[in-house]
2 protein chains.
Amino acid sequence: DACVIATRSLVPEVYDAFALAAKHGVNAISTCEESFYPWTTSPALTNRLDRLAKDNNCTLAGSGYQDVFWGNLITTLAGSSHKIERIEGVSSYNVEDYGIALAEVHGAGLSLEEFEKEIAQSESLPSFMWNSNEWLCSQFGWSIKSNSQKLVPTTHNKDIKSTTLNKVIPAGHATGMSAIVTTVTNQGPVIVSECIGKVYAEGEFDRNDWKIIGEPNTVVNIARPATVELTCATIVNRIPQLIDAPPGYYTTEKMPPAQYRTYPLHFYTK
Amino acid sequence: DACVIATRSLVPEVYDAFALAAKHGVNAISTCEESFYPWTTSPALTNRLDRLAKDNNCTLAGSGYQDVFWGNLITTLAGSSHKIERIEGVSSYNVEDYGIALAEVHGAGLSLEEFEKEIAQSESLPSFMWNSNEWLCSQFGWSIKSNSQKLVPTTHNKDIKSTTLNKVIPAGHATGMSAIVTTVTNQGPVIVSECIGKVYAEGEFDRNDWKIIGEPNTVVNIARPATVELTCATIVNRIPQLIDAPPGYYTTEKMPPAQYRTYPLHFYTK
């Protein structure tokens, strides 16, 4: 009853897989980061998928690590805040863990000149936090005044061997990138989130640290999150909610948080 | 339409306030820690309140810091877990911040002999994590095989002045206690949570650290949580959900997580 699409990071790249599932009335959920909240970055494709899913009575959505660690973790903690002025987040992951598609959109292995041309200047590529910030705003009921991103290459002072790229990244070339997305809302709160994806040097680990600034301030740190495993488990845990959701492209900020599944998945569907 | 009861920590102590609200059809929510999940520790009183609330078409519930930081924070992170074997939590707060009722149930200021007699041996006093663990089990859909608690006095090697007790706690006397609650479920997962409430010595801060152990392991740390402010904000943020909940004593593990309120509270009621 459900299909998991775990291939690429941008909606145009997973459109065909989503459309194929929808045409056959099969619910589908994807790790594609843009698909997490694609309404403004790929509006035409998302609306076509939404129509297709409604016509065939199935649900399409995006989920993964971001669903919990850049999404519901923040809104759950925000439930204990009186006043939010600013939300700051930093998340880091090893592009070596996700295959070639993700490594490419991070510019891993490019010279700094290539990075500037292919990644930094390319306005058509929303970084992962872009969609995540929009997901948060939608869940909080905030409308967006402005959204902007800055893509900065990360480098290392020694050569690093990349298994995914199957080559050595020379010292000083891009090992990946840091993407900083600043979202200003009409309600006042500002979200500044930084997402660092790079080929790790020795001794580097995943991190996920957020601050909710206002009254009071709350700081949360996740120590060395197992980002890959958490992505897989979240997608699977979402399946019963995907099946039960209304037909259409139905983003997860409208669902309750993903739920730990003690019993077999069919136990949880209505 | 709603009454906040922020007085004492045990259900027998807040029963009259809850009953008064219920008799007049007024929804009520309390910071009383036992009231967070009182079904097994005060079953008779809770059932009477439940009946009273249903007869008068209003809702009663408990909430506070524990609702987010010992509750939905854990279940939200668990939504990214494939397999949970064990959940471990440690939370610490300054009993100076909560008035005399809380200081008393923590045995602050007692000699170790008095602590042993009045607190440690008193089986009728569930520590805060007891009710919180039961809340978690209910939300996960786990049934409880056994639940046990150990109450250990905390001490300091110097005299500490307590404003709440209005006296000096001599070195070696109880500054409060550490309560460790071990909950074994029939489904397998074990929850071991430790809640430290004491009069802080200089340089001590609140903490809230949890581990979800299984596949994968996830470790979350909240740095110096503003426990008092978070308690107040959570209670207020719960009010629209309290108003909309079905009549009766309706514990918050059955509601969605507390939500940050950008707009006036009435905006969120149905």
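Calculation rules
Residues numbered from 1 in each chain as written. Chains lettered and ligands numbered in written order. Predicted model: local features only at pLDDT ≥ 70, side-chain atom pairs only at ≥ 80, totals over all residues. Heavy atoms only, no water. Salt bridge = Lys/Arg side-chain N within 4 Å of Asp/Glu carboxyl O. Buried < 20%, exposed > 50% of the residue type's maximum accessible area, 1.4 Å probe, protein only. Helix = DSSP H or I, 4+ residues; strand = E, 2+ residues; numbered from the N terminus. Least-squares fit on C-alpha atoms with pLDDT ≥ 70 in both. Contact = heavy atoms within 4.5 Å. Buried area = accessible area lost by both parts, 1.4 Å probe. Polar contact = N/O pair within 3.5 Å; in protein donor to acceptor, adjacent residues only side chain to side chain. Nonpolar A, V, L, I, M, F, W, Y, C, P; charged D, E, K, R; others polar. Pairing = 2+ DSSP bridges.

Residues and elements named next belong to chain B. Applying the stated criterion across every chain yields a total of 18 salt bridges over all chains. Taking the shortest distance from any N to any O, the salt bridge between arginine 8 and glutamate 13 comes out at 3.2 Å. A residue is classified by how much of its surface remains accessible, and glutamate 13, at 34% relative accessible area, is partly exposed. We note a salt bridge from aspartate 55 to arginine 51, for which the minimum N-O separation is 3.0 Å. Pair noted here: aspartate 55 and arginine 51 are both in helix H2 (residues 43-55), with a separation of four residues, about one helical turn.

What follows deals with the relation of the copies chain A and chain B. Expressed as a screw transformation, the operator carrying chain A onto chain B has a rotation angle of 180° and an axial translation of 0.0 Å, and the superposed copies differ by an RMSD of 0.0 Å. Interpreted geometrically, this transformation is the action of a two-fold axis. Across chain A, the smallest distance between a C-alpha and the rotation axis is recorded for A:Asn221, namely 2.6 Å. Comparing interface residues between copies, 100% of those in chain A also sit at the interface in chain B, which points to an isologous, same-surface contact.

The interface is formed by 37 residues belonging to chain A together with 37 residues belonging to chain B. Around 3100 Å² of area is buried between chain A and chain B when both sides are counted, 61% of it from carbon and sulfur atoms. Considering only the side of chain A, the residues that lose the most area to chain B are A:Thr76, A:Ser80 and A:Tyr260, jointly responsible for 22% of the buried surface there. Put simply, chain A and chain B have zero salt bridges between them. Between the two partners, chain A and chain B, sit 16 residue pairs in polar contact (both at pLDDT 80 or more). Within the residue set of the side of chain A that touches chain B, elements represented by two or more residues are helix H3 (65-78), strand S4 (83-94), strand S11 (218-223) and helix H7 (227-244) of chain A. The greatest single-element share of the side of chain A that touches chain B, amounting to eight residues, is contributed by H3(A). Classifying every residue of the side of chain A that touches chain B gives 20 nonpolar, 15 polar and two charged. Bridge count for S11(A) against strand S11 (residues 218-223) of chain B is five bridges, and the pairing is antiparallel.

Just geometry here; none of it tells us what the structure is for.
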